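Close look at the chain arrangement
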Amino acid sequence: MPAGTLYRGREGMWSWVAHRVTGVLIFFFLFVHVLDTALVRVSPEAYDEVVATYKTPIVALLEYGLVAAVLFHALNGLRVIAVDFWSKGARYQKQMLWSVVGVWLVLMVGALYPVLGHAVREVFGS
Amino acid sequence: MSTETNAAVGPVEGASLYDVDHPAPIIEPPRQRTRKTPKSTRGNFELAAWLFMRLSGVVLVVLVIGHLLIQLVLDGGVSKIGFAFVAGRWASPFWQVWDLAMLWLAMLHGSNGLRTVINDYAERAGTRLWLKGLLYTATVFTILLGTLVIFTFDPNIR
């Protein structure tokens, strides 16, 4: 650990950690995603073959994780902007974090069926 | 009072060491800019990067969540996606511009974020240099590849 680092814990630090972790994960996914989309320049078959693997249940689960990371990073990013630019932002950073978590939970429940519905039907049959 | 310069303290720009109001020599502030200070400094790159993260972030919230809604939620989710679907989307300049803006903003936003992470955790100068070299190479490659694909997409490739 770098010398002189002071980790203060609680909402401020953990939201910062989560923002970093989700940001790095999304960035690595972005590389892969540009590369897979570039296959449309190779041939329709090559593209469809790779996208077919994205429709499997396990990748659907990873996709749900990606949605979770993107939604948290987006909502918490708006909170960071509010902390920086709103005069009362720093004072309400904790309340804003719990609002972020609340909205995130609602959206994640909402994303359950659209993202995982197909995978569930495939695994359990319908 | 004379205005002669004292060898021990250099003259502050535009001010003499002694005058009526300052019978004692003026001591130069440690970081005062003088004529000897190099004109070019590093500029405000870090400020610009900080501002870019916030501005691009707001735009990306709209672009990316819209993208996720269309690709993963609306009519059929990911199971509808294929070459024909991409061809349909990129037939419209609106979606071409959307995807192009998303590609550039997301890559630059993510690249700057990873630059910060590297600066924070890679303690040796050589490690930082190599990691950032790799990062910038990968970023330029990915942005150029993605841009090329959007502009040269051919729905009748076969």
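From a predicted model like this one, the values you see are computed outputs, not experimental measurements.

Next up on the list: the overall build of chain B. Across its full length, chain B holds four helices and zero strands. The order of helices and strands in chain B, counted from the N terminus, is α-α-α-α. The buried share of chain B, taken over its 158 residues, is 12%. In chain B, of all internal contacts separated by at least 6 residues, the share reaching a separation of at least 24 is 45%.

Within chain A, the regular secondary structure consists of four helices and zero strands. Secondary structure elements of chain A occur, N-terminal to C-terminal, as α-α-α-α. The C-alpha radius of gyration of chain A comes to 19 Å, more than 25% above the 14 Å expected for a compact globule of 126 residues. Counting only C-alpha atoms, chain A reaches 55 × 35 × 30 Å along its principal axes. Looking at chain A as a whole, 21% of its 126 residues qualify as buried.

Our next topic: the environment of Leu61(A). Residues and elements named next belong to chain A. Note that Leu-61 resides in helix α3 (residues 57-85). Residue Leu-61 is classed as partly exposed on the basis of its C-beta count, with 13 C-beta atoms lying within 10 Å. Spatially, the C-alpha atoms of Leu-61 and Arg-41 are 28 Å apart, while their sequence positions differ by 20 residues.

The subject of this paragraph is the UniProt feature "transmembrane region" (unreviewed entry) in chain B. Residues and elements named next belong to chain B. Within this numbering scheme, the UniProt entry marks residues 47-70, 90-108 and 129-153 as carrying the feature "transmembrane region" (unreviewed entry). The span residues 47-70 is 100% helix and 0% strand, and its two end C-alpha atoms sit 34 Å from each other. What you have in residues 90-108 is 84% helix and 0% strand, and the ends, taken at the C-alpha atoms, are 22 Å apart.

Moving on, we come to the nonpolar core. One finds Leu30(A), Val67(A), Val70(A), Leu71(A), Leu75(A) and Ala106(B) to be the most contacted residues of the largest nonpolar core, which totals 21 residues. Breaking this core down by element, the ones donating at least two residues are α1 (10-38), α3 and α4 (93-124) of chain A together with α1 (45-73) and α3 (93-121) of chain B. The element that contributes the greatest number of residues to this core is α3(A), accounting for seven residues. In this structure Val67(A) touches Ala111(A), Val115(A), Leu68(B) and Leu72(B), once residues within four positions along its chain are discounted.

With that settled, the discussion passes to the UniProt feature "transmembrane region" (unreviewed entry) in chain A. All names here are of chain A. Look at the UniProt record and you will see "transmembrane region" (unreviewed entry) annotated at residues 21-42, 54-75 and 96-116. Helix makes up 91% of residues 54-75 and strand 0%, whereas the separation of the span's terminal C-alpha atoms amounts to 26 Å. Secondary structure across residues 96-116 comprises 100% helix and 0% strand; the distance between its end C-alpha atoms is 29 Å.

In this model, chain A carries an average pLDDT of 91, and 94% of its residues clear a pLDDT of 70 or more. At the level of individual helices and strands, chain A shows its lowest average pLDDT in α4(A), which scores 92, and its highest in α3(A), which scores 96.

Each partner contributes residues to the interface: chain A has 31 residues there, and chain B has 33 residues. For the side of chain A that touches chain B, the secondary structure elements donating two or more residues are α1, α2 (44-54), α3 and α4 of chain A. It is α1(A) that contributes the most residues to the side of chain A that touches chain B, ten residues altogether. A class-by-class count of the residues in the side of chain A that touches chain B yields 20 nonpolar, five polar and six charged.

What counts as what
Residues numbered from 1 in each chain as written. Chains lettered and ligands numbered in written order. Predicted model: local features only at pLDDT ≥ 70, side-chain atom pairs only at ≥ 80, totals over all residues. Helix = DSSP H or I, 4+ residues; strand = E, 2+ residues; numbered from the N terminus. Buried ≥ 20, exposed ≤ 12 C-beta atoms within 10 Å, placed from the backbone. Contact = placed C-beta atoms within 7 Å. Rg over C-alpha atoms; globule rule 2.2 N^0.38 Å. UniProt positions renumbered as here; feature names shortened; annotations may be inferred. Core = buried A, V, L, I, M, F, W, Y, C linked by C-beta atoms within 7 Å. pLDDT = per-residue confidence, 0-100. Nonpolar A, V, L, I, M, F, W, Y, C, P; charged D, E, K, R; others polar.

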